[in-house]
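Per-entry structural report
One-letter residues, chain by chain:
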Amino acid sequence: MNLNKTFVAVQDASRNMLALSDKKINQILLSVADAAINKTDFILSENQKDLEHMPSTDPKYDRLRLTKSRLQDIAADIRNVAALPSPLGKVLKESILPNGLKIKRVSVPFGVIGIIYEARPNVSFDVFSLCLKSGNACILKGGSDADYSNRAIISVIHEVLEHFNVDTHIVELLPADREATAELLHANDYVDLIIPRGSSSLINFVRQNATVPVIETGAGVCHTLFDRYGDISIGPSIIANAKTRRVSVCNALDCLIIEADSLASLPDLCLPLQSSNVEIFADEPAYHSLLGKYPADLLRLASEKCYGREFLDYKMAIKTVNSFQEALAHIRKHGSKHSECIITDDKTRAEWFCREVDAACVYVNAPTSFTDGAQFGLGAEIGISTQKLHARGPMALEEITTYKWIVEGSGQTRP
């Protein structure tokens, strides 16, 4: 396989994007949002072809599935992106040097961004909208599980671009096979940045094999600590929302940590989980606290492999700790630096938790389910970065721009 012609076409299209006004970009985005609604039947019928090849018990099934409601939410996110100010051309820093040189730092697009993702067809819409708004062309490499869905979505976007006489190569979907992944990972002359979205195995593969710069959007192993000062009136709803709102997404709760002094509250904390048939893997103290108070067929003794695991399912681990320091140590050992939460009424402990926990997003008395670009007011997101270089947390318009220095002189020369 040789995709160089495709890469060249996308690179050329990215340069032409610099001439697009923000007004025209917003018109395109609004038209794509309308098309997502108008083409709902077509998109869902193609999505159904993908769903037929995946067991409904597969944790990825929920991520793969599109619905009328989800397409409406996707369209709303695209409209939100259109309503945001352009991230381009912002003067981030400026000064006049002693020699009279005027120097300023200005935000600009990366150019071409490659996205590698699995069974998440919504990513096709999200990435296009964010990349268009930020002046970037994008090369999408979806998985075979979602190929019908992705091709339907890109065909809808291309129809809109053709209507506006815009080069359709500003968004290109590669073949779903592995050879295309290998080509993209080594497209150094054409691609400026790669962002993988998916399982830890996919992200590790991209990080280890890419020669193009990578921003990691790591797995989400998320914890919630209910400490001895936790409020039992809000704890159950926070835990249930974090665990059951959507189990297949990276911000879902994987492990509840509870201080031994609060074990009497554990049955009440877990009560709402019963209605969603959440299977609990509890250590011995937590297991005995729940025994007879949580459905026996959903209660298991935890093994060490239950900790540090991203379940992506109606499953949750529970860890009992004897001190606040032990809770922090457990998160350091098993967390993925994605999202962590503490439920507490003690302000000192909350501040301590926020200071000590090394994660992209840290919550006090609110569920990790809020880790999302749209929820943060960013319009949408291109991924959740768990690394510390360039971007961290939900990545949206600002995070997919870079900058250049512009220096204006009047004939100065350097001594």
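For the structure given in this document, a descriptive report is provided here. (Residues numbered from 1 in each chain as written. Predicted model: local features only at pLDDT ≥ 70, side-chain atom pairs only at ≥ 80, totals over all residues. Heavy atoms only, no water.)

**Regarding the overall build of the protein chain**
Definition in use: Starting at the N terminus, helices and strands are each numbered in turn, a helix being any DSSP run of H or I of at least four residues and a strand any DSSP run of E of at least two. Restricting the calculation to C-alpha atoms gives the radius of gyration, and the globule rule supplies 2.2 Å times the number of residues raised to the power 0.38. Using a 1.4 Å probe on the protein chains alone, a residue whose accessible area is under 20% of its type maximum counts as buried, one over 50% counts as exposed, and one in between counts as partly exposed. Whether two residues are in contact is decided by their heavy atoms, any of which lying within 4.5 Å being enough. Using a 1.4 Å probe, the Shrake-Rupley method yields the accessible areas, and only the shown protein chains count as cover for residues.
A tally of regular secondary structure across the protein chain gives 14 helices and 16 strands. What you see for the protein chain is a C-alpha radius of gyration of 23 Å, in line with the 22 Å of a compact globule of 415 residues. Summarising its shape, the C-alpha atoms of the protein chain cover approximately 75 × 60 × 35 Å along the three principal directions. Taking all 415 residues of the protein chain together, 53% fall into the buried category. Taking as baseline every contact in the protein chain between residues at least 6 positions apart, the subset at least 24 positions apart corresponds to 72%. As displayed, the protein chain offers around 18,400 Å² of accessible surface, 48% of which is attributable to carbon and sulfur atoms.

**Looking at the pattern of salt bridges**
For clarity, the threshold we go by: Every case where a carboxyl oxygen of Asp or Glu lies within 4 Å of a side-chain nitrogen of Lys or Arg is listed as a salt bridge.
Inspection of every chain in the model, using the stated rule, returns 22 salt bridges. Lys39 is the salt-bridge partner of Glu159, the closest N and O atoms lying 3.6 Å from each other. Here the residue Glu159 occupies a position in helix 7 (residues 147-163), and Lys39 occupies one in the loop between helix 2 (22-38) and helix 3 (40-51), the gap between them amounting to 120 residues. Overall, the relative accessible area of 45% leaves Glu159 in the partly exposed class. Judged by its relative accessible area of 31%, Lys39 falls in the partly exposed class. Close ionic contact of Lys60 with Asp145 constitutes a salt bridge, the shortest N to O distance being 3.2 Å. With a gap of 85 residues between them, Lys60 in the loop between helix 3 and helix 4 (61-64) and Asp145 in the loop between strand 4 (137-141) and helix 7 connect regions that are remote in the sequence.

**Here's the deal with helix 2**
To keep it simple, the criterion reads: Every helix has an expected span of 1.5 Å times one less than the residues it contains.
The terminal C-alpha atoms of helix 2, which comprises 17 residues, lie 24 Å apart, in line with the 24 Å expected from a rise of 1.5 Å per residue. Inspection of helix 2 places Ile25, Asn26, Ile28, Leu29, Val32, Ala33, Ala35 and Ala36 among the buried residues, and these make up the whole buried set. Residues of helix 2 that are buried in the fold lie against helix 3, helix 5 (68-83), helix 6 (122-133) and helix 7.

**Some points on the environment of Gly230**
With respect to the helices and strands, the residue Gly230 is situated in the loop between strand 7 (222-226) and helix 10 (235-244). Spatially, the C-alpha atoms of Gly230 and Ile342 are 8.3 Å apart, while their sequence positions differ by 112 residues. Gly230 has contacts with Ile343 and Thr344, leaving out every residue within four places of it along the chain.

**Side note on the pairing of strand 13 (residues 361-364)**
Side chains on a regular strand alternate between the two faces of the sheet. For clarity, the threshold we go by: Here, any two strands with at least 2 DSSP bridges between them count as paired. If the strands point away from the viewer and the path from the first strand over the helix to the second runs clockwise, then the crossover is right-handed.
Of the two faces of strand 13, the one lined by Cys361 and Tyr363 is fully buried and the one lined by Val362 and Val364 carries no buried residue. Pairing geometry for strand 12 (residues 339-343) and strand 13, over 4 bridges, is parallel. Bridging across to strand 13, Ile342 finds its partner in Val364. A crossover links strand 12 with its parallel partner strand 13, the connecting element being helix 14 (residues 347-356), and its sense is right-handed.

**Brief notes about unusual backbone geometry**
Peptide bonds are, in most cases, trans, and in most cases residues other than glycine have a negative phi. The residue Lys337 is not glycine, and still its phi comes out positive at about 65°. Mapped onto the secondary structure, Lys337 falls in the loop between helix 13 (324-334) and strand 12. Judged by relative accessible area, which is 33%, Lys337 ranks as partly exposed.

**A few points about the packing of helix 5 against helix 6**
As a reminder of what qualifies: Note on method: axes are straight lines fitted to C-alpha atoms, helices fitted across the in-contact stretch only, with angles between N-to-C directions ranging 0 to 180 degrees. Roughly parallel here means an angle under 35 degrees, roughly antiparallel means over 145, roughly perpendicular means 65 to 115, and every remaining angle is called oblique. In this classification, Asp, Glu, Lys and Arg are treated as charged, Ala, Val, Leu, Ile, Met, Phe, Trp, Tyr, Cys and Pro as nonpolar, and every other residue, Gly included, as polar.
Close contact between helix 5 and helix 6 brings their axes to 10 Å; oriented N to C, the two are set at 10°. With respect to their mutual orientation, helix 5 and helix 6 come out roughly parallel. Contacts between helix 5 and helix 6 involve Leu71, Ile74, Ile78, Val81 and Ala82 on the former and, on the latter, Asn122, Phe125, Ser129, Leu130 and Lys133. Here the contact of helix 5 with helix 6 is composed, by residue class, of 7 nonpolar, 2 polar and 1 charged.

That's the geometry; what it means functionally is another story.
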